[in-house]
Amino acid sequence: MTSMAVVPQKMRRERRMFSSSDDTAMMKQIQATHAPDGREFSVKPLLHIVEDIFLRATPALGMTSIVQQQGAHQAQLDELEEKALQNGFHETIEMLSYNINKISCEMSCKCSGGGDAHATTLAIFNLVSNYSWDEKVVLALAGFAVNYGEFWLVAQLYLTNPLAKAVALLKQLPDIIERADNLKPKFEALTSLIKAMMDVAKCIVEFKELPSQYITPDTPEMLTATAHIPTAVYWTIRSIVACASQIMGLIGMGHEYIASTTEAWELSSLAHKVNNIHSHLMKQLTLCFQHIDEKRHIEAFQTLVSLFEAFHIDNMKILKALIYAKDDQLPLFDGSTKKRVRLLFCSFSPFYSDYIAASLDVLRRRSVLLLISDLEISHEELSMLQQMYTEAREQPGRPESQYEVVWLPVVDRSSPWNETKQKQFEDFQRMMPWYSVYHPSLLDVAVIRYIKEVWHFSKSPLLVVLDPQGRVVNPNAIHMMWIWGSLAFPFTSLREEALWKEETWKIELLADSIDPMILSWIDQGKYICLYGGEDIEWIRKFTVTAKEVASKAAITLEMLYVGKSNPREKVRKNNSIITTEKLSHVLPDLTLIWFFWVRLESMWHSKVQHKRTVETDVIMLEIMTMLIFDGSNQGWAVISRGPADMAKAKGETILKSFVDFEIWKDGVQEKGFLPALIDYLHELHSPFHCDRLILPGATGSIPEKVVCAECGRPMEKFIMYRCCTD
């Protein structure tokens with residue numbers, strides 16, 4: 001009866017303590033005991049042993065449940081045991097065993113008679129006064145773990161071990177275990193509180209182990225945490241005392257012991273408070289980790305900047321810094337073999353990093369094109385790059401074949417990586433015949449930042465060119481690749497300038513090799529007409545009229561439909577109609593139509609990068625005219641023969657010139673077909689016009705000023721987003 005009377009008084013006392021809003025006086029007492037002498041020890045091994053004890057001693061009454069519980073935790077227990085035996089633990093425990101036993105005895109004595117919890121807690125703080133806050137809480141847990149472990153060791157073994165049975169009889173544990181069902185709420189509350197205490201202890205230890213080179217005690221995040229850690233240690237040790245009291249209360253009570261809901265409430269209330277403390281500390285710890293990550297990323301970014309500014313005898317330092325700086329796994333996937341690049345040896349050795357370097361050796365002192373994209377790279381882009389790369393490999397001895405490509409996939413890490421993204425990534429990786437980073441996660445955050453801030457990657461793919469020493473010789477050679485393919489090797493700005501000096505505006509530059517027929521037509525001296533647009537009625541009228549004019553003028557005219565940039569279903573249907581009605585030739589693959597227009601856009605961006613304008617560069621003027629044609633809502637046509645001038649006009653104008661052939665046909669005899677057509681188009685030209693220039697702005701630099709290709713006045717500047725899915 002006496003013990004039952006004590007419990008309500010204790011409960012009221014605890015309620016007053018929990019409801020108190022001002023712990024200042026109590027914490028002053030605790031702070032007064034804090035006098036660390038500067039000696040420190042590694043708390044992690046000791047904490048691992050404590051956790052091992054708690055896991056193995058988790059209340060599981062009855063042999064069957066004990067075996068099940070131990071089997072479920074065995075892997076975790078083995079890992080903890082291994083950790084505990086490492087890092088000089090035996091030396092540490094020799095130094096601490098005396099204090100741990102003193103704490104254990106203090107709990108055994110003062111928690112057996114239902115004494116004042118705060119006074120007992122204060123006594124333990126006096127025992128650990130010379131230690132830091134993280135050491136205090138771990139030592140207190142260790143002292144409790146001794147008592148807790150001994151109690152459950154006897155409880156678990158008393159059925160099978162005679163010595164344990166004799167000890168259990170003296171402690172009257174069999175009677176307690178037989179009434180395990182009545183004690184279940186109490187043991188569940190006890191287990192929950194122990195877990196909460198361990199969580200707080202681990203969190204406090206993590207604060208102590210934060211790297212001082214990235215976060216200092218005066219950092220705001222650390223200042224806040226440091227201010228709360230003494231309170232967290234107090235309530236953890238206070239909870240340890242409560243747990244010890246519950247365990248001590250079971251010993252010797254035998255059949256007289258009656259489980260009280262009040263005791264379970266006390267443990268649950270403490271668990272709630274300690275869990276709240278843990279949540280608050282974890283928030284601060286997360287802020288500290290964020291601060292550390294930011295510092296590390298800044299440091300890694302600056303290291304990368306410095307690395308690119310330094311001189312290197314080869315490109316290996318740069319490539320390892322970009323692709324994967326660590327030595328713990330193979331970073332590249334070989335697109336030709338569809339396998340990860342192998343190490344020379346499978347086992348670990350002191351020369352492991354050399355083997356990793358050997359895996360990257362295929363790139364050593366080679367020109368390397370870094371293909372940088374997200375997972376939205378278009379199949380058209382990938383298809384054309386594949387074709388160019390494969391063609392370059394057909395004659396490996398040529399100078400323009402001496403480069404390698406590596407894909408660096410830059411993905412949005414703010415959204416979770418899922419199976420859909422993984423499949424999308426793997427599909428692209430399998431399609432690529434070159435090297436690629438084995439997984440996007442291997443790219444460091446600092447590398448991604450460098451790619452975005454220094455190389456200005458946003459959305460459209462980049463081809464960053466590194467020379468054999470790892471120097472960036474072109475921050476984006478994608479335009480050169482589209483215009484000249486591998487002939488642009490080594491893809492430097494000087495090479496780009498030299499290639500432009502060799503070019504003039506003619507059908508070969510405009511159409512390149514999008515269809516072998518064009519080169520054949522040029523060789524045969526035929527007139528070639530490229531035309532585009534989406535209006536099928538205009539296409540019918542134009543092609544029929546053009547054929548009639550060609551017949552009357554006695555010229556051989558070949559016509560090729562090149563559609564519209566970003567070709568969609570309308571262009572596909574037009575291709576089908578043109579083929580069925582035999583109106584002209586078509587490019588059967590929409591990828592070729594896409595490529596025709598992306599080459600023109602690339603020419604424009606290339607010229608802009610070299611500071612060319614329509615006022616000073618004839619090719620720039622012609623490129624812009626073609627892009628304006630594409631931006632209009634009507635058809636257009638360009639007619640050429642060999643290196644001579646091109647006749648070009650928008651749809652209605654070129655159609656009218658052919659309808660009016662009788663008016664200018666006499667000029668054909670005097671000047672030739674093209675000069676006569678060009679002169680008549682000049683007569684039809686009107687100063688009134690409305691031209692639109694639509695360019696994908698993310699593919700290159702956009703100049704502040706663009707003048708109209710027709711009148712030379714500055715054009716208005718707009719930002720345009722378009723989504724067309726017809």
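Just above, that's the structure.
Since the model is a prediction, treat every value here as computed from it, not as a measurement.

What counts and how
Residues numbered from 1 in each chain as written. Predicted model: local features only at pLDDT ≥ 70, side-chain atom pairs only at ≥ 80, totals over all residues. Heavy atoms only, no water. Salt bridge = Lys/Arg side-chain N within 4 Å of Asp/Glu carboxyl O. Buried < 20%, exposed > 50% of the residue type's maximum accessible area, 1.4 Å probe, protein only. Helix = DSSP H or I, 4+ residues; strand = E, 2+ residues; numbered from the N terminus. Expected span 1.5 Å × (residues − 1). Core = buried A, V, L, I, M, F, W, Y, C linked by side-chain atoms within 4.5 Å. Contact = heavy atoms within 4.5 Å. Pairing = 2+ DSSP bridges. Right-handed = clockwise from strand over helix to strand, strands pointing away.

Draft legend 1. Up close: the pattern of salt bridges. The tally for this structure, following the rule as stated, stands at 28 salt bridges. Between Arg471 and Asp467 there is a salt bridge whose closest N-O contact spans 2.7 Å. A relative accessible area of 42% places Arg471 in the partly exposed class. Where Lys656 meets Asp660, a salt bridge forms, and the shortest distance between an N and an O atom there is 3.0 Å. Given a relative accessible area of 42%, Lys656 falls into the partly exposed group. The network of salt bridges with shared partners includes Glu497, Lys607, Arg612 and Asp617.

Draft legend 2. Layout of helix H22 (residues 536-553). When the terminal C-alpha atoms of H22 are compared, their 25 Å separation across 18 residues agrees well with the 26 Å that a helix rising 1.5 Å per residue should span. For H22, the full list of buried residues reads Ile536, Trp538, Ile539, Phe542, Thr543, Thr545, Ala546, Val549, Ala550 and Ala553.

Draft legend 3. Fine view of the nonpolar core. Membership of the largest hydrophobic core comes to 106 residues, with the highest contact counts inside it found for Leu510, Tyr531, Phe542, Leu600 and Phe673. A total of 12 residues in this core trace back to one element, the largest contributor, which is helix H24 (residues 590-609). Not counting residues within four places of it along the chain, the set of residues in contact with Leu510 comprises Trp505, Leu530, Phe596, Arg599, Leu600, Met626, Val638 and Met646. Core analysis: the second largest hydrophobic core is formed by 81 residues, Cys111, Leu141, Phe207 and Leu270 among them.

Draft legend 4. Looking closely at the pairing of strand S8 (residues 527-532). Burial within S8 is extensive, with 6 of its 6 residues counted as buried. When S8 meets strand S9 (residues 557-561), the two strands line up parallel, connected through 5 bridges. By the bridge assignment for S9, Tyr531 is matched with Tyr561. Chirality of the crossover, the property in question, places the unit of S8, H22 and S9 among those that are right-handed. Note: S8 against strand S11 (residues 636-640), 5 bridges, orientation antiparallel. In the sheet register, Leu530 faces S11, and the bridge partner there is Val638.

Draft legend 5. Broad picture of the sheet that holds S8. What the 5 strands build is an open sheet, ordered S10-S9-S8-S11-S12; its pairing is mixed. Two strands lie at the open edges of the sheet, namely strand S10 (585-586) and strand S12 (647-650), each paired on one side alone. The pairing of S9 with S10 spans 2 bridges and is classified as parallel. The residue bridging Tyr561 from the neighbouring strand is Val586, located in S10.

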